[in-house]
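Architecture and fold: a report
Here's the letter readout for the chains.
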Amino acid sequence: MAATLSAALSAAEGTPAPCVAAVAHKSEVSVLAMRPDGDVVASADEASIHLWSVAKGTLLKTLTGDPPGSDVSALAFTPDGATLMSATGNGTVKLWRMPEGTLATTFSAHGDGLGEIAIGAAGTLLATGTTDAHGRSTIGLWALPDGRPLKTIAGDRVLHALAFTPDGKTLISAGNDNLIHLWSVPDGTPLRTLDNTEFVSALVLSSDGGRLVSGGWDGSLRLWSLPAGTLLATRSAHKGVVN
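Structure report, in brief. Bear in mind the structure is a predicted one, so any value in this text is a computation, not a measurement. Per chain, residues are indexed from 1 in the order of the written sequence. Reporting in this predicted model follows two pLDDT cut-offs: at least 70 for local features of residues, and 80 or more for side-chain atom pairs to be given and counted; totals over whole chains, interfaces and linings ignore these cut-offs and use all residues. Excluding hydrogens and water, the side-chain values take into account all heavy atoms of the structure.

As for the overall build of the protein
Using the following cut-off: Numbering goes from the N terminus for both helices and strands, where a helix is a DSSP run of H or I of at least four residues and a strand is a run of E of at least two. Accessible surface is estimated by sampling points in the Shrake-Rupley manner with a 1.4 Å probe; for residues, cover comes only from the protein chains shown.
When you go through the protein residue by residue, the secondary structure sums to one helix and 20 strands. Carbon together with sulfur atoms contributes 54% to the accessible area of the protein, which is approximately 12,000 Å² in total.

So, in structure tokens, the structure goes:
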């Protein structure tokens, strides 16, 4: 089984491109997002978002509008790259038109700070996740681009990861309850629960949606078959949290 996971996670062969370095922010970079075409990367600190040329490492644009200390906690591009979404610690979601970088829509998603966002494959559905001071999490489903609320789901004890399957029909969430939850969208019906046996800190799906890899706080990686939810392989990959 370990060999199967090793093959699934192995790096692509080829000659690496030259590294381009840039001084990006005056404070800690909290989150990154790559535009689907690979040409632009967005980086964020506590109050500003920078757009960078991947090839040249040059700053293309700076997006502002959140008060200092609001903490940009998540970034995601729509599948067509036409919109960048940002979430902040004050519970606000903003949609930015690309490549102009103009603000298209703002809406309040949660009363507590947002920690995770995910966008469905069609770009018409947004999932947001937050955890309150008592460790209770909430997942919200929202219609795009207007931010109309569709469904609220009680999530994990502490939410760490959200992901849509490529067909956009299933939302996957995971966190500190050692479980991976599969939800039907947009109705929020629970479909399946996978026992990860450890806090889940990260999720990533294959392009066809048939494989899911979960990363744990114990440094482990687990490979799952979807939609059956069969555990195919486990690998001790890191000495610390997989993020």
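Here we look at the nonpolar core
The cut-off we apply is this: Definition used in this section: a nonpolar core is a set of buried Ala, Val, Leu, Ile, Met, Phe, Trp, Tyr and Cys residues joined via side-chain atoms within 4.5 Å. Think of it in three bands: residues with accessible area under 20% of the maximum for their type are buried, residues over 50% are exposed, and the middle band is partly exposed, with areas taken using a 1.4 Å probe on protein chains only. Any pair of residues with heavy atoms lying within 4.5 Å of one another is described as a contacting pair.
Core analysis: the largest hydrophobic core is formed by 14 residues, its most contacted members being Ala42, Ile49, Leu51, Leu63, Leu75, Leu84 and Met98. Contributing elements (two or more residues each) for this core: strand S1 (31–34), strand S2 (40–44), strand S3 (49–53) and strand S5 (72–77). In contact with Ile49, not counting residues within four places along its chain, are Ala42, Ser43, Ala44, Lys61, Thr62, Leu63, Val72, Leu75, Leu84, Ser86 and Trp96.

Quick word on the pairing of strand S15 (residues 179–184)
Rules: Strand pairing is defined by DSSP finding a minimum of two bridges between the two strands.
Across the six residues of S15, five count as buried, placing the element largely inside the fold. Note that strand S14 (residues 170–175) and S15 share five bridges and pair antiparallel. Looking across to S15, one finds that Ala174 is bridged to Ile180. Between S14 and S15, which pair antiparallel one after the other, the connecting turn spans three residues, and Asn178 there sits at a positive phi close to 70 degrees. As defined by bridge partners, S15 adjoins strand S16 (residues 190–195) across five bridges and the pair is classed as antiparallel. Looking across to S16, one finds that Leu179 is bridged to Asp195. Adjacent in sequence and paired antiparallel, S15 and S16 are bridged by five residues, among which Gly188 carries a positive phi angle near 80 degrees.

Describing the packing of aromatic side chains
Stated formally: Think of it this way: a Phe, Tyr or Trp ring, Trp meaning its six-membered ring, pairs with another when their centres are within 6.5 Å, and the plane angle makes it stacked under 30 degrees, edge-to-face over 60, tilted otherwise.
For the structure shown, the criterion picks out one aromatic pair. With a centroid separation of 5.4 Å and 45 degrees between ring planes, the pair formed by Phe107 and Trp142 is classed as tilted. Linking Phe107 in strand S8 (residues 102–108) with Trp142 in strand S11 (residues 137–143), this pair joins segments that are 35 residues apart in sequence. Here Phe107 falls in the buried class, since its relative accessible area comes to 9%. What makes Trp142 buried here is its relative accessible area of 10%.

Some remarks on the side chain of Ser53
Its place among the elements puts Ser53 in strand S3. Look past the residues within four positions of Ser53 in its chain and what remains in contact with it is Asp39, Thr58 and Leu60.

Examining the environment of Thr124
Relative to the elements of secondary structure, Thr124 occurs in the loop between strand S9 (114–119) and strand S10 (125–131). The sequence separation of Thr124 and Pro79 amounts to 45 residues, and the corresponding C-alpha distance is 9.9 Å. The residues contacting Thr124, other than those within four sequence positions of it, are Trp142, Ala143 and Leu144.

So, the sheet that holds strand S7 (residues 92–97)
Where we set the bar: Geometry is summarised by axes, namely lines fitted to C-alpha atoms with helices restricted to the contacting stretch, and by angles between N-to-C directions that run from 0 to 180 degrees.
Ordered in space as S5-S6-S7-S8, the four strands form an open sheet in which the pairing is antiparallel. Lying at the two open borders of the sheet, with one neighbouring strand each, are S5 and S8. Each strand axis lies, on average, 20 degrees off the axis of its neighbour in the sheet, ignoring direction. Pairing between strand S6 (residues 83–88) and S7: five bridges, direction antiparallel.

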